Amino acid sequence: MPLSDFVTQHMALVKWAVGTRFKQHRHFGGEEVFVLDAVFQDEHASYPTGSSIRSPHWSSQQAFSDQGCILLVKTGHLPIGEEKEQ
């Protein structure tokens, strides 16, 4: 469910089904995720309810959830700095 959109900034409430898997992807302008229910996972760790994850501009991630989860996600709002697209 989209909550807000402004230029490159987006915020949404997201419900992932059991077994959701995303391909490796990058975050232009970064991403922040707050886990509202269940467990969000990526190649680095598992993040249970109440976890907050902040990924900087152009970070890479392969996200998934074995049991499904509910997330608050905000993207495109973190500083871009001097990094270049690859």
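Right above here is the structure, for reference.
A.B. asks: How should I be thinking about the side chain of Ser 59 in this particular structure?
C.D. replies: Mapped onto the secondary structure, Ser 59 falls in strand E8 (residues 59-61). For Ser 59, the residues in contact, after removing those within four places along its chain, are His 25, Arg 26 and His 27.

A.B. asks: Mind showing me how you'd approach unusual backbone geometry here?
C.D. replies: Residues apart from glycine generally show negative phi values, whereas peptide bonds are mostly found in trans. Despite not being glycine, Ala 38 shows a phi value in the positive range, around 75°. If you check the backbone angles, Trp 58 has positive phi at about 65° while not being a glycine. The class of Trp 58 is buried, set by a relative accessible area of 16%.

A.B. asks: Just checking my understanding: could you explain the nonpolar core for this structure?
C.D. replies: General note: in soluble globular proteins, nonpolar side chains tend to be found buried as a group. The biggest cluster of nonpolar side chains holds eleven residues, and these are Trp 16, Val 33, Val 35, Ala 38, Phe 40, Tyr 47, Ile 53, Ala 63, Cys 69, Leu 71 and Val 73. Broken down by secondary-structure element, the contributors of at least two residues to this core are strand E5 (31-41) and strand E10 (69-75). Looking at which element gives the most residues to this core, the answer is E5, with four residues. Dropping the residues within four chain positions of it, Ile 53 is found in contact with Glu 31, Glu 32, Val 33, Val 35, Phe 40 and Tyr 47.

The rules behind the values
Residues numbered from 1 in each chain as written. Predicted model: local features only at pLDDT ≥ 70, side-chain atom pairs only at ≥ 80, totals over all residues. Heavy atoms only, no water. Helix = DSSP H or I, 4+ residues; strand = E, 2+ residues; numbered from the N terminus. Contact = heavy atoms within 4.5 Å. Buried < 20%, exposed > 50% of the residue type's maximum accessible area, 1.4 Å probe, protein only. Core = buried A, V, L, I, M, F, W, Y, C linked by side-chain atoms within 4.5 Å.

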